[in-house]
Amino acid sequence: MSDTTNKYDFGMIGLGTMGRNLLLNMGDHGVKGAGFDKDASKGKLLEQESKHGNLKGFSEVEPFIASLKTPRAVMMLVPAGKIVDDVIAELLPLMQKGDIIIDGGNSHFTDTNRRVDELEAKGFHFFGMGVSGGEEGARRGPSMMPGGDKEAYNVMKPTLEAIAAKVDGAPCVTYIGPGASGHFVKMVHNGIEYGIMQLIAETYEILKAGLKLDNEAIRKIFVKWNDGRLKSFLIEITKDIFAYKAPGTDHLLIDDIKDEAKAKGTGKWTSQVAMDLQAPIPTIDTAVSMRDLSKYKEMRLEAAKVYSKEAPKLDVDTDKFLEELEQAYYFSMVITYAQGMFMLENASKEYKYDLHLEEIAKIWRGGCIIRSEFLNDIYNAYKGNKNLSHLLLDAGVEKLVSGSVGGARTVVAAAVTSGIAAPAYAASLSYFDNFRTGRMPSNLTQAQRDYFGAHTYELVGKEGTFHTQWVPKSND
């Protein structure tokens, strides 16, 4: 037995913004924590910001590990990819069987699957945990999605519940499921985030380029929306962005920011995996594509000269159109969540995660980037029917969708007619219209596939597969 009297309860590897703030959060809740970062200044900053004097920074890994109580619990908050494996390889010779290792970064779920198996075989407890909420969430209360070794989660459960965001007194953390389920759910969370952010960007374009509203008028619209059923973290921060002027300037910072959106890959992963699962998420796919297109700034400037056009202008009654735009955004937001939840449903079956979608919706209601009022409706839908196959089939959600789809049609039609790009709005509407039809034109696709590749087809009301010689064979 080692002497644990003066040792630390928990170790954090990576003292960047997220890691440091999460450890500070733990310190506020009585956890005696050690933090490691090769940059010694980050460890010093941790100690300076610690309000209770119960956090210690280290810049060398050996004394860091030696400072922890056994069995040890260590969390990594480092960039996804090879660096996670490098950190684990550095840790293992210094740790003992039975110790807990947590990956709190945005690792790809296939990497987490591999690490679960490798570390279990070596006698270590490991789980991957998605953490959402950004800098403020980490410091004040994030939403966390742990999956993997349940025994290890149960050891950490009191601490994680203490530091998590709370909604109606309930902590925004729950055991997600086996294997890489925690990181998978976080990946889909980020995909939904991409979709909603693209919808907000398109809304901005409609307001600015279509309705010719100035920044103050746009700010007031987002303020109004955030006071209603669209209340959410992303609308809230958008209204704040439309009020911010950099010190010493007389205009909004937003007008100085280049229109090239960056990405770290989780949206792309969501789209790629959704295709593997055959779970269509076109709104999210479109959002990923538009971020990619935004990066071709020089090419877009060249195209703007080639395809010169008049500035777009929406010929509408502004007040009425703003009501319809609120409906359109609400409708498309619902569709985006529905696509993400359907992907989780498919993944749960394919990967045997046994996901509880009502619990996932519940922990997303606070702390995370996609928190919104609508998540209460999602929670109620899946809580009321654990066998709900698709969110759009819930009676309560159906009323919300039916009451807002008219606005979506008006906005998409007006945008297309005026030459304003609204691809995520259009993708949401097209997804819905195909979802609600009992007959898609896919019979023609099947006929074409059989024509050129003899891929066969099925017939209505008749068992079996069939092939047709669509044109007479040549006698040559």
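The model shown is predicted, which means the values in this text are computed figures rather than measured ones.

Quick notes on the overall build of the protein
Item 1. Of the regular secondary structure elements, the protein holds 20 helices and 11 strands.
Item 2. Relative to a compact globule of 476 residues, whose C-alpha radius of gyration would be 23 Å, the protein shows 25 Å and is just as compact.
Item 3. Once the C-alpha set of the protein is aligned to its principal axes, its extents read approximately 85 × 70 × 50 Å.
Item 4. Taking all 476 residues of the protein together, the buried fraction comes to 50%.
Item 5. Considering only contacts in the protein between residues 6 or more positions apart, those separated by 24 or more positions represent 69%.
Item 6. As presented, the protein carries roughly 23,300 Å² of accessible surface, and 52% of it is formed by carbon and sulfur atoms.

A look at the sheet that holds strand β4 (residues 73-76)
Sheet strands line up and pair through hydrogen bonds in the backbone, either parallel or antiparallel.
Item 1. In space, the seven strands of this open sheet follow the order β3-β2-β1-β4-β5-β6-β7, with mixed pairing throughout. The open sheet has two free edges, formed respectively by β3 (55-58) and β7 (143-148), since each of these has just one partner strand. Geometrically, the sheet is characterised by an average inter-axis angle of 25° between neighbouring strands, direction not taken into account.
Item 2. Relative to β4, strand β1 (residues 10-13) runs parallel, the two being bridged by three bridges. Bridge assignment links G11 to a residue of β4, and that residue is V74.
Item 3. Contacts between helix α1 (residues 17-28) and the sheet are confined to β1, β2 (33-36), β3, β4 and β6 (125-132), with β1 contributing the most and set at about 165° to the helix.

A closer look at the state of the cysteines
Throughout this description, disulfide means a covalent bond between two cysteine sulfur atoms.
Item 1. If you walk through the whole model with that rule in mind, you get zero disulfides.
Item 2. Looking at the unpaired C172, the closest cysteine sulfur is the one in C368, lying at 7.5 Å.
Item 3. What makes C368 buried here is its relative accessible area of 0%.

Describing the pairing of β7
Each regular strand shows side chains that alternate between the opposite faces of the sheet.
Item 1. Most of β7 is tucked away, with six of its six residues classed as buried.
Item 2. With burial as the criterion, each face of β7 is covered, one bearing S143, M145 and G147 and the other bearing M144, P146 and G148.
Item 3. In this structure, β6 lies alongside β7, joined through six bridges in antiparallel fashion. Directly across from G130, in β7, lies its bridge partner M145.

Some remarks on the pattern of salt bridges
A side chain of one charge can pair with a side chain of the opposite charge if their charged atoms are brought near each other.
Item 1. Summed over all chains, the structure comprises 25 salt bridges.
Item 2. Note that D111 is salt-bridged to R114, the shortest N-O span being 3.6 Å. Of the two residues, D111 and R114 both sit in helix α5 (residues 109-121), three residues apart, roughly one turn of that helix.
Item 3. The exposure class assigned to D111 is partly exposed, which follows from its relative accessible area of 24%.
Item 4. The class of R114 is partly exposed, set by a relative accessible area of 29%.
Item 5. E118 serves as the salt-bridge partner of R114, at 3.6 Å between the closest nitrogen and oxygen. Of this pair, R114 and E118 are both found in helix α5, four residues apart, which corresponds to roughly one turn of the helix.
Item 6. Counted as one network, the salt bridges with shared partners bring together D85, D103, D111, R114, R115 and E118.

Structural notes on the packing of helix α14 (residues 318-350) against helix α18 (residues 405-418)
The relative placement of two packed helices is expressed as an angle between their axes plus a distance between the axes.
Item 1. Running from N to C, α14 and α18 point in directions that differ by 110°, and their axes come no closer than 7 Å. Taken as axis vectors, α14 and α18 run roughly perpendicular relative to one another. Of the residues in α18, those in contact with F321, E324, L325, Q327, A328 and F331 of α14 are V405, G406, G407, A408, T410, V411 and A414.
Item 2. Grouping the constituent residues of the contact of α14 with α18 by class yields eight nonpolar, four polar and one charged.

Things to note about helix α11 (residues 266-277)
Since the α-helix advances by 3.6 residues per turn, residues separated by three or four positions end up pointing in the same direction.
Item 1. Its 12 residues give α11 an end-to-end C-alpha distance of 16 Å, which sits within 8% of 16 Å, the value for a rise of 1.5 Å per residue.
Item 2. Turning to α11, the residues buried within the fold contact α5, α8 (181-210), α12 (282-294) and α14.
Item 3. Positive phi shows up at Q278, right after α11, with a value of about 55°.

Things to note about the nonpolar core
Item 1. Counting residues in each nonpolar core, the largest one holds 88 residues, and the members touching the most others are F184, Y329, M343, L344 and W364.
Item 2. Sequence-distant contacts of M343, that is, excluding residues within four places in its chain, are made with F184, M187, V188, T270, V273, A274, L277, A279 and I281.
Item 3. Counting residues in hydrophobic clusters, the runner-up holds 28 residues, among them F10, A152, L160 and V173.

Describing α14
Item 1. A rise of 1.5 Å per residue sets the reference length of α14, with its 33 residues, at 48 Å; its end C-alpha atoms lie 47 Å apart and thus fit the reference within 8%.
Item 2. Extensive coverage of α14 is indicated by the burial of 26 of its 33 residues.
Item 3. Where α14 begins, one side-chain oxygen reaches toward the backbone nitrogen of D319, 3.2 Å away; that side chain belongs to D317.
Item 4. Positive phi shows up at K352, right after α14, with a value of about 55°.

Brief notes about the packing of aromatic side chains
Item 1. If you walk through the whole model with that rule in mind, you get 21 aromatic pairs.
Item 2. Ring plane angle 50° and centroid distance 5.4 Å describe the contact between F109 and Y351, whose orientation is recorded as tilted. Here Y351 lies in the loop between α14 and α15 (357-363) and F109 lies in helix α5, a separation of 242 residues in the sequence.
Item 3. Exposure remark for F109: the relative accessible area of 5% places this residue in the buried category.
Item 4. Ring plane angle 35° and centroid distance 5.7 Å describe the contact between Y153 and Y175, whose orientation is recorded as tilted. Here Y153 is found in helix α7 (residues 150-163), whereas its partner Y175 is found in the loop between β9 (170-171) and α8, with 22 residues between them in sequence.

Definitions and limits used
Residues numbered from 1 in each chain as written. Predicted model: local features only at pLDDT ≥ 70, side-chain atom pairs only at ≥ 80, totals over all residues. Heavy atoms only, no water. Helix = DSSP H or I, 4+ residues; strand = E, 2+ residues; numbered from the N terminus. Rg over C-alpha atoms; globule rule 2.2 N^0.38 Å. Buried < 20%, exposed > 50% of the residue type's maximum accessible area, 1.4 Å probe, protein only. Contact = heavy atoms within 4.5 Å. Areas by Shrake-Rupley, 256 points an atom, 1.4 Å probe, with all protein chains shown as cover. Pairing = 2+ DSSP bridges. Axes fitted to C-alpha atoms, helices over the stretch in contact; angles between N-to-C directions. Disulfide = S-S within 2.5 Å. Salt bridge = Lys/Arg side-chain N within 4 Å of Asp/Glu carboxyl O. Parallel < 35°, antiparallel > 145°, perpendicular 65-115°, else oblique. Nonpolar A, V, L, I, M, F, W, Y, C, P; charged D, E, K, R; others polar. Expected span 1.5 Å × (residues − 1). Core = buried A, V, L, I, M, F, W, Y, C linked by side-chain atoms within 4.5 Å. Polar contact = N/O pair within 3.5 Å; in protein donor to acceptor, adjacent residues only side chain to side chain. Phe/Tyr/Trp six-rings, centres within 6.5 Å; stacked < 30°, edge-to-face > 60°.

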